[in-house]
Amino acid sequence: MNIDALVRPNIRSLKPYASARSEFSGIAEVFLDANENPFETGLNRYPDPFQKELKIKISALKSVDPGCIFLGNGSDEVIDLLIRIFCEPKEDSIMILPPTYGMYKVSADIANIGVVQIPLTRSSQLDTKAIQEAVHPQTKILFICHPNNPTGNNMDLEAIESILAFFPGIVVIDEAYIDFSSIPSCTTLLSNYPNLVVMQTLSKAWGLAGIRLGMAFASKQIIHYFNKVKPPYNINILTQQKALEALNNKVQKEKWVAQLLEERAFLDRNLQKLEVVRKVRKTDTNFILVEVDHPRKIYDYLILQKVIVRDRSKVLNCEGCLRITVGTPEENRRLISVLSEYR
Ligand SMILES: *Cc1c(COP(=O)(O)O)cnc(C)c1O
């Protein structure tokens, strides 16, 4: 597949901003090239624009070549840049598969890009046939959320591969919840599909939503365009330092994940027993979708009890559903206790 041909012509011919740090990045003693304040504060210098040290660490953890990694200011920036690289305003579209993560459509709406919506099936799986029938040369990017937010399930891997084989544009697999999932990452498919982008984040399992670090794994052709259009210093020094610290302590992340999976099982068992609960959906994430009789009433009742969940009952295929994030053991027991007192 020819990635260059999918890129907007103005991005193909773009002459990117040349920052001081990207023009000279060798070893020197006196840096008088970037108009920084020379007095040392630990933060007076601009950050590494290509986050080399951090990418080497991520490369080792994820078994992906450092040249196939792009880092963004959250997954939000990755989504926004993808749309601006590939989609011509008022001409091109993205394809999304509702119910799904809200940012794909918001980013497209901001950029004045069309949004083709192909709902998931009743069992929240990929409707491969409908996706194939809706494919159009102007549909540049397909976003697959896997495991899916808000339904919580994994997509069928054979369906993902069949879509990768026929989709003529970029296929993005958003793996924000991969650390909680029972199936392996789609990064293993990268070498077969130059049009594949796998997104992950430090915002969920790694406990770093506050630093804003999103990861994209893709072919070098795609990474080249990310680097061309990104703001020069999009990942600040504090974020790079905190991310490195956390990634050097993956045992902590693994402990959290193991505990959250146990807690998820606790919530699953105990929610099922409650009178107000009609159904607890199976999940591969750190949240649970729960079907109740009067979602809005229960949502409001929980707020009065100072417990906040997400009302997803107006979302396609999520009728009656509240989305509950797995909390600490204390928080989960409080939720169950409060819900058991609902009358
Ligand atoms: C939480 C979440 C993200 C994370 O976004 P960040 O900008 O990296 O915090 C991405 N995709 C999905 C589907 C999510 O639910």
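Residues numbered from 1 in each chain as written. Predicted model: local features only at pLDDT ≥ 70, side-chain atom pairs only at ≥ 80, totals over all residues. Heavy atoms only, no water.

A. The site of the ligand, seen in detail. Within the structure, the ligand sits among 13 residues, and Asp 174, Tyr 177, Ser 203, Lys 204 and Arg 212 are positioned closest to it. Here an oxygen atom of the ligand sits 2.6 Å away from a polar atom, N or O, in the side chain of Ser 203. Surface burial for the ligand is 93%, taken as the share of its 390 Å² of free accessible area covered by protein chains. The residue makeup of the shell around the ligand, split by class, is four nonpolar, five polar and four charged. (Near = heavy atom within 4 Å. Polar contact = N/O pair within 3.5 Å; in protein donor to acceptor, adjacent residues only side chain to side chain. Areas by Shrake-Rupley, 256 points an atom, 1.4 Å probe, with all protein chains shown as cover. Nonpolar A, V, L, I, M, F, W, Y, C, P; charged D, E, K, R; others polar.)

B. Layout of the pattern of salt bridges. Under the defined criterion, the tally for this structure stands at 19 salt bridges. Here Arg 21 makes a salt bridge to Glu 36, at a shortest N to O gap of 2.8 Å. With Arg 21 in helix H3 (residues 20-23) and Glu 36 in the loop between H3 and helix H4 (52-62), this pair connects stretches of sequence that are 15 residues apart. Of the two residues examined, Arg 21 and Glu 36, each falls in the buried class. For the salt bridge of Asp 293 with Arg 278, the shortest nitrogen-to-oxygen distance reads 2.8 Å. One end of the pair, Asp 293, is in the loop between strand E9 (287-292) and helix H12 (295-304); the other, Arg 278, is in strand E8 (residues 277-280), and 15 residues separate them in sequence. The exposure class of Asp 293 is partly exposed, given its relative accessible area of 44%. Ionic contacts of the salt-bridge type, sharing partners, join the residues Arg 21, Asp 33, Glu 36 and Arg 45 into one network. (Salt bridge = Lys/Arg side-chain N within 4 Å of Asp/Glu carboxyl O. Helix = DSSP H or I, 4+ residues; strand = E, 2+ residues; numbered from the N terminus. Buried < 20%, exposed > 50% of the residue type's maximum accessible area, 1.4 Å probe, protein only.)

C. Spatial organisation of the packing of aromatic side chains. This structure, assessed with the given rule, holds seven aromatic pairs. Linked through ring pairs, Tyr 101, Tyr 104 and Phe 143 together constitute an aromatic cluster. Lys 230 extends its terminal NZ or CZ atom over the ring of Phe 50, reaching a point 5.3 Å from the ring centre. (Phe/Tyr/Trp six-rings, centres within 6.5 Å; stacked < 30°, edge-to-face > 60°. Lys NZ or Arg CZ within 6 Å of the ring centre and 35° of its normal.)

D. Fine view of the pairing of strand E4 (residues 139-145). Extensive coverage of E4 is indicated by the burial of seven of its seven residues. Pairing of strand E2 (residues 93-96) with E4 involves three bridges; the strand directions are parallel. Bridging across to E4, Ile 94 finds its partner in Ile 141. Relative to strand E5 (residues 170-174), E4 is paired through five bridges, and the arrangement is parallel. In the strand pairing of E5, Cys 145 is matched with Asp 174. (Pairing = 2+ DSSP bridges.)

E. Structural detail: unusual backbone geometry. Following Pro 98, the chain continues to Pro 99 via a peptide bond in cis, the omega torsion being 0°. Tracing the sequence through the fold places Pro 99 in the loop between E2 and helix H6 (103-110). Residues Asn 149 and Pro 150 are joined by a peptide bond in cis, for which omega reads 15°. Tracing the sequence through the fold places Pro 150 in the loop between E4 and helix H8 (157-166). You will see that Ser 63, though not glycine, has its phi angle at about 55°, which is positive. A relative accessible area of 68% means that Ser 63 is categorised as exposed. The phi dihedral of Lys 90 is positive, around 65°, even though this residue is not glycine. Along the chain, Lys 90 turns up in the loop between helix H5 (75-86) and E2.

F. Highlighting the sheet that holds strand E11 (residues 321-325). On the basis of which strands lie adjacent, the open sheet formed by four strands has the order E8-E9-E11-E10 and antiparallel pairing. Two strands in the sheet have a free side with no partner beyond their single neighbour: E8 and strand E10 (310-311). As paired strands, E9 and E11 are joined by five bridges and run antiparallel to one another. Following the sheet pairing, Phe 287 is matched in E11 by Thr 325.

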